[in-house]
Amino acid sequence: MRSKRIPVLFLAFLMATEGWGCASENNIQSEDTTEETYETEPSVDDESRENTALFTEENISKGLLRKTVYALVSAAENSTLEYWNEYGYIEDIGDGRGYTAGLVGFTSGTGDLLEGVKLYTRLAPDNGLAAYIPALEKVNGSDSHQNLGEGFCQAWKEAAKTAAMMQAQNEIINEEYMDPAIEAAAQDGLSPLGQYIYYDALIVHGDGDDPQSFGAIRNEAKKKAKTPAQGGNETTYLNAFLDARIPVMKAETAHSDLSRIDVQREFLKEKKFDLSLPLSFTMYGDFYDLTSQVLAKAPDNF
């Protein structure tokens, strides 16, 4: 699986000049970013806090932590903390992957959008998307809209209003991104912050061991620093992971802005290992204040 969505700040210019279908409403300013250095020797306080097994027992797959991580990723992917309104998102963002849709940017070109529609159809057989499954199978691996078009976009938006589609999207997220992130983080002894950092990387780069994948980034980071499970310091290791992610991001113009990595580094500096609220940050030029009041509006049925 590969990366799905161009960050919306990069789209502001592209959408204005190219006019792709299912248009976005976002228009965000980009900020230049640079790599930062970090301490390789942890303080005693860092070591005692980060290397405890407590963190591996808290995971981002449920409850408030899940909502928090969904909101953080939504700020990067959709320029909003209110992720629960993004099930019906769909557009061609011009990244060579066809339509991008839903909570984390499932695409017609990489197959996870097809898997979502198939699962939705198993959950709710009588639906307006089922007829597009043959077309989605044919365009998988390309940026083609053949036999899809506006009718498909409208059917997706209608389906996204149903509980079955919400369930389908969340099950695909669990299988493809959330569960692999938690499993890898547990192996490496990471806190909820580390789990979020892994989850975000999986969404953008996909799982696997090819040079542009999450697996390759993780392997490169382990060459530079020990994981907490190996007796290393979490801040040092996660900064090494983010360092390893930078060239992978920059290899694709669409992801060359490193705002989401900068936010994660700030959380590391602030020692937000448990992702406790509030979380204040600037993502792609927009300021966000993620509070319990914001997440109180989020539904629990996902």
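Only a predicted model underlies this, so the values are computations on that prediction, with no experimental measurement involved. All residue numbers refer to position in the chain's written sequence, counted from 1. Totals for whole chains, interfaces and linings use all residues, but because this is a predicted model, local features are given only for residues with pLDDT of at least 70 and pairs of side-chain atoms are given and counted only at 80 or more. Side-chain measures were taken over the full set of non-hydrogen atoms in the model, leaving aside hydrogen atoms and water.

To continue, consider the overall build of the chain. Strands are runs of DSSP state E lasting at least 2 residues, helices are runs of H or I lasting at least 4, and numbering of each runs from the N terminus. Secondary structure assignment for the chain yields twelve helices and five strands. Burial status across the chain gives 56% buried among its 302 residues. Across the chain, every contact between residues at least 6 apart in sequence was considered, and the portion connecting residues at least 24 apart equals 66%. Only protein chains enter the area calculation, which uses a 1.4 Å probe; residues under 20% of their type maximum are buried, those over 50% are exposed, and those in between are partly exposed. Two residues form a contact once any of their heavy atoms are found within 4.5 Å.

Spatially, β1-β2-β3 is the arrangement adopted by the three strands of the open sheet, whose pairing is antiparallel. Among the strands making up the open sheet, the edge pair consists of β1 (90–92) and β3 (106–107). As paired strands, β1 and strand β2 (residues 99–101) are joined by three bridges and run antiparallel to one another. Its bridge partner lying in β2, Glu 91 is registered against Thr 100. The pairing criterion is simple: DSSP has to find at least two bridges between the two strands.

Among the eleven residues of helix α11 (residues 259–269), nine are classified as buried, and the element is accordingly described as predominantly covered. Those residues of α11 lying buried are Ser 259, Arg 260, Ile 261, Asp 262, Val 263, Gln 264, Arg 265, Phe 267 and Leu 268. Structurally, α11 contributes buried residues whose contacts are with α3 (63–78), α8 (192–205), α10 (234–250) and β4 (279–283). At the C-terminal side of α11, Lys 271 shows a positive phi close to 60°.

Quick look at a negative patch on the surface now. On the surface, Glu 115, Glu 171, Glu 175, Asp 179 and Glu 183 cluster together into a negatively charged patch. Among the elements that take part in the negative patch, helix α7 (residues 163–188) stands out by supplying four residues, more than any other. You can see Glu 171 is positioned in helix α7. A patch consists of residues exposed above 30% relative accessible area that lack any salt bridge, with like charges linked at up to 9 Å and nonpolar side chains (Val, Leu, Ile, Met, Phe, Trp, Tyr) linked at up to 5 Å. For the area figures, the Shrake-Rupley method with a 1.4 Å probe applies, and any residue is considered shielded solely by the protein chains shown. Here, a salt bridge means any Lys or Arg side-chain nitrogen found within 4 Å of an Asp or Glu carboxyl oxygen. Only four residue types enter the tally: Lys and Arg on the positive side, Asp and Glu on the negative side; His and the chain ends are excluded. Where a charge lies is defined by one atom per residue type, namely NZ (Lys), CZ (Arg), CG (Asp) and CD (Glu).

Note that Arg 218 resides in helix α9 (residues 214–224). For Arg 218, a relative accessible area of 13% puts it in the buried group. For Arg 218, the contacting residues outside a window of four places in its chain are Ala 184, Gln 187, Asp 188, Tyr 198, Tyr 237 and Phe 241. Within the local environment of Arg 218, its side chain forms a polar contact with the side chain of Gln 187, the two groups lying 2.9 Å apart. Any pair of N or O atoms that falls within 3.5 Å is considered a polar contact. Within protein, one atom must be able to donate a hydrogen and the other to accept it, and sequence-neighbouring residues count only if both atoms are side-chain atoms.

We now examine the environment of Lys 269. Inspection of the secondary structure puts Lys 269 in helix α11. For the pair Lys 269 and Thr 235, spaced 34 residues apart in sequence, the C-alpha to C-alpha distance is 8.2 Å.

A few words now on the pairing of strand β5 (residues 286–290). Both β4 and β5 contribute to a ladder of five bridges, which runs antiparallel. Paired with Phe 281 across the bridge in β5 is Tyr 288. Where β4 hands over to β5, the hairpin turn is made up of two residues, of which Tyr 284 adopts a positive phi near 50°.

Turning our eyes to something else, we now look at the packing of α9 against α10. Viewed as axis vectors pointing N to C, α9 and α10 meet at an angle of 130°, and their least axial separation amounts to 8 Å. Relative to α10, α9 is oriented oblique. Handedness of the α9/α10 crossing: right-handed. Two secondary-structure elements touch here, α9 through Phe 214, Ile 217, Arg 218, Glu 220, Ala 221, Lys 222 and Lys 224 and α10 through Tyr 237, Ala 240, Phe 241, Ala 244, Arg 245 and Val 248. The nonpolar class holds Ala, Val, Leu, Ile, Met, Phe, Trp, Tyr, Cys and Pro. Asp, Glu, Lys and Arg form the charged class, and all remaining residues, Gly among them, are polar. Residue composition of the contact of α9 with α10, by class: eight nonpolar, no polar and five charged. Here an axis means a line fitted to C-alpha atoms, over the contact stretch when the element is a helix, while the angle between two N-to-C directions is reported on a 0 to 180 degree scale. What sets the label is the angle itself: under 35 degrees gives roughly parallel, over 145 gives roughly antiparallel, 65 to 115 gives roughly perpendicular, and the rest give oblique. Should the near helix be turned anticlockwise from the far one by less than a right angle, the crossing is termed left-handed; should it be turned clockwise, right-handed.

Looking now at the pattern of salt bridges. As enumerated under the stated definition, the model contains 13 salt bridges in all. A salt bridge links Lys 222 to Asp 188; the shortest N-O distance between them is 3.1 Å. Taken as a pair, Lys 222 in helix α9 and Asp 188 in helix α7 lie far apart in primary sequence, 34 residues in all. For Lys 222, a relative accessible area of 31% gives the class partly exposed. Its salt-bridge partner being Lys 269, residue Glu 266 comes within 3.8 Å of it at the nearest N-O pair. Of this pair, Glu 266 and Lys 269 are both found in helix α11, three residues apart, which corresponds to roughly one turn of the helix. Overlapping salt bridges bring together Glu 77, Asp 200, Arg 245 and Arg 260 as one network.

By themselves, these are just geometric observations and shouldn't be taken as functional.
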